[in-house]
Amino acid sequence: MEVRGGGGGGSCGAEHEHNRDIIIIIGGGICGLATALAFHRNIGSLRRCSKKINPSSSNRPRAYIIVTLAGGSVVSRQRTPVDEHNSGKPHWNFTMRFEVERSKLERNSAVMVFQLRHSRTIGDKDTGSVYIPVKELFDGATGTKRSRPVAYLVSSKSGKPKGVVYLSDGEMRCLKRADLMQALADDLPPNTVRFGCTVLGIKVDPSTSYPTVHLDDGTVLHAKVVIGCDGINSEVANFLGLNSTRIFSTCATRADSVVSNDPKLILQSSIKALSGFPEEEVEMVRNGDLDQLFLNQLRYRTPWNLFLRRRFGEGSVTVAGDAMHAMGPFIAQGGSAALEDAVVLSRCFAETIGGIGIHDRISHKEWRMRIEMAIHKYEKERKMRVVKLSAQTFVIGKILDSSWLPLKLIWIALMVVLFRHPRSHTLYDCGQL
Ligand SMILES: Cc1cc2nc3c(=O)[nH]c(=O)nc-3n(C[C@H](O)[C@H](O)[C@H](O)COP(=O)(O)OP(=O)(O)OC[C@H]3O[C@@H](n4cnc5c(N)ncnc54)[C@H](O)[C@@H]3O)c2cc1C
């Protein structure tokens, strides 16, 4: 399997079949590289394992957990969603909130029961349970976030061991953008990335109704699928008729991007903007490498534009990353959302075309139907997630942008009402590859 990708103005193609690339990914940023890698991992490995597996088969065990807080007059109960994706090793990145009376906590009389169940067409099945005193959970947390999950043994009604559940408080990691891109690129097979080609436009081949990609050197690439990961000024988004991105009046300085002005000027204005910040932080910026300093204009798509749009893609062309949902950097989720797009998109493709072998005779109509089904599924799964993220960054952007105090207060009030838990977006789980 061959995948070609482009960084710094590149295009990537995937898998030749009769001189036709099956999938072309345009753009070699976080999203393009992650998507190429996800397709390699997902579709490539499915091909190697089996020709005709259908991961969406209803035979897969689909697990969920019912959590009950017991030990008082009021019993409260919540449940996780069913894990649709990880049959062998289910996991739920799902936060639950329970209220426990202090007196019960101190007397150690409140217990949480975790009941592991399998969802089935006729009657769900109990696998086993774990009983954990709430005090134990509190004592373990000791007022700070736990960095490691804690393991508890699951046992059946008869006391037989039935595996282990891990509970955690969640985890956050910082990652340098350049390191992430390097790691993604390093994991792609050699000669995958095709550098230095700029896509001028996308057209539809009238004879096949598949897309063609037109490069600045005159090359025309034929594809069955085109995925636009070409950022905020996406050619693919233009082709799909997505509204062009808007600009926040706030700008941002960052140290490893491609939008550059005069570094000395950027440094001066950055230091000015940092007035009132701790001296060591100002010093860090002052001593930074001038060559690595860039000024970014912050562009975004409005949340209502994303919400009202019924489809993002058309036929077998779609968008991912900033090309779909450019958003301000205020909650630092643009790159993360691009990674989520890559995981979901490749999974949707694996579920619809992953089982087809390279020599299988699949009619043109069947191919198109499956590809469009995969794209449609992906867009449906991603829509509300990106609407919520872009709404949150939009409101924060407006708070920063508004110089008129009453307007600023209105945006702040909206922020408090709509996003009472400002970090709740980090608890989202897009599932696994
Ligand atoms: C100041 C700032 C701070 C940020 N901080 C964070 C953060 O902390 N956490 C986070 O998750 N996100 C953050 N983001 C957002 C994050 O950087 C973006 O969301 C992410 O880089 C989007 O990745 P992408 O691959 O979709 O687009 P891009 O990274 O823009 O990549 C697009 C690629 O397509 C190529 N391309 C464009 N047009 C063409 C064409 N016509 N032909 C061929 N190739 C083309 C480009 O050269 C580029 O390689 C921040 C953004 C800014 C501006």
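Computed from a predicted structure; not experimentally measured.

Considerations on the overall build of the protein chain
Moving on, step 1. Helix and strand counts for the protein chain come out as 12 helices and 14 strands.
Moving on, step 2. Buried positions account for 30% of the 433 residues belonging to the protein chain.
Moving on, step 3. A fraction of 66% describes how many contacts in the protein chain between residues 6 or more apart in sequence connect residues 24 or more apart.

As for unusual backbone geometry
Trans peptide bonds make up most of the peptide bonds, and negative phi angles are found at most residues other than glycine.
Moving on, step 1. For Ser209, which is not glycine, the phi dihedral falls at a positive 60 degrees.
Moving on, step 2. Here Ser209 shows up in the loop between strand 9 (199-204) and strand 10 (211-215).
Moving on, step 3. Phi angles above zero are rare outside glycine, and Ala332 is one such case at about 50 degrees.
Moving on, step 4. Take Ala332: it is sitting in the loop between helix 9 (322-325) and helix 10 (334-353).

Points about helix 10
Moving on, step 1. Here helix 10 spans 28 Å end to end across 20 residues, near enough to the 28 Å set by a 1.5 Å rise per residue.
Moving on, step 2. Counting buried positions over the 20 residues of helix 10 gives 17, a clear majority of the element.

Brief notes about the pairing of strand 9
Moving on, step 1. Here strand 9 runs beside strand 10; their pairing, made up of five bridges, is antiparallel. Its bridge partner lying in strand 10, Gly201 is registered against His214.
Moving on, step 2. From the end of strand 9 to the start of strand 10, which pair antiparallel, there are six residues, and Ser209 there has a positive phi angle of about 60 degrees.

Let's talk about the packing of helix 11 (residues 364-401) against helix 12 (residues 405-418)
Moving on, step 1. One can describe the packing of helix 11 onto helix 12 by two numbers: an axis separation of 8 Å at closest approach and a directional angle of 155 degrees. Relative to helix 12, the element helix 11 lies roughly antiparallel. Crossing of helix 11 against helix 12: the hand is left-handed. Residues Val395, Ile396, Lys398 and Ile399 of helix 11 form the contact with helix 12, whose own contacting residues are Lys408, Trp411, Ile412, Leu414, Met415 and Leu418.

A closer look at the pairing of strand 11 (residues 220-228)
Moving on, step 1. A large share of strand 11 lies buried, amounting to seven of its nine residues.
Moving on, step 2. When strand 10 meets strand 11, the two strands line up antiparallel, connected through three bridges. Residue pairing across strands places Val213 opposite Leu221, the latter belonging to strand 11.
Moving on, step 3. As judged from the three bridges shared by strand 11 and strand 14 (residues 317-319), these two strands associate in the parallel manner. Its bridge partner being in strand 14, Gly228 is matched across the sheet by Val319.

Description of the nonpolar core
Moving on, step 1. Membership of the largest hydrophobic core comes to 63 residues, with the highest contact counts inside it found for Ala34, Val226, Val236 and Ala320.
Moving on, step 2. The leading source of residues in this core is helix 10, at 10 residues.

Here we look at the packing of helix 10 against helix 11
Helix-helix packing: each pair is described by the crossing angle between the helix axes and the interaxial distance.
Moving on, step 1. Where helix 10 meets helix 11, the axes come as close as 8 Å, and the angle between the chain directions of the two elements is 155 degrees. Put simply, helix 10 runs roughly antiparallel to helix 11. Remark: the crossing between helix 10 and helix 11 carries right-handed chirality. Along its contact with helix 10, which presents Ala337, Asp341, Val344, Leu345, Cys348, Phe349, Thr352 and Ile353, the element helix 11 presents Arg370, Ile371, Met373, Ala374, Lys377, Tyr378, Glu381, Arg382, Val386 and Leu389.

Cut-off values and rules
Residues numbered from 1 in each chain as written. Predicted model: local features only at pLDDT ≥ 70, side-chain atom pairs only at ≥ 80, totals over all residues. Helix = DSSP H or I, 4+ residues; strand = E, 2+ residues; numbered from the N terminus. Buried ≥ 20, exposed ≤ 12 C-beta atoms within 10 Å, placed from the backbone. Contact = placed C-beta atoms within 7 Å. Expected span 1.5 Å × (residues − 1). Pairing = 2+ DSSP bridges. Axes fitted to C-alpha atoms, helices over the stretch in contact; angles between N-to-C directions. Parallel < 35°, antiparallel > 145°, perpendicular 65-115°, else oblique. Left-handed = near helix turned anticlockwise from the far one by under 90°. Core = buried A, V, L, I, M, F, W, Y, C linked by C-beta atoms within 7 Å.

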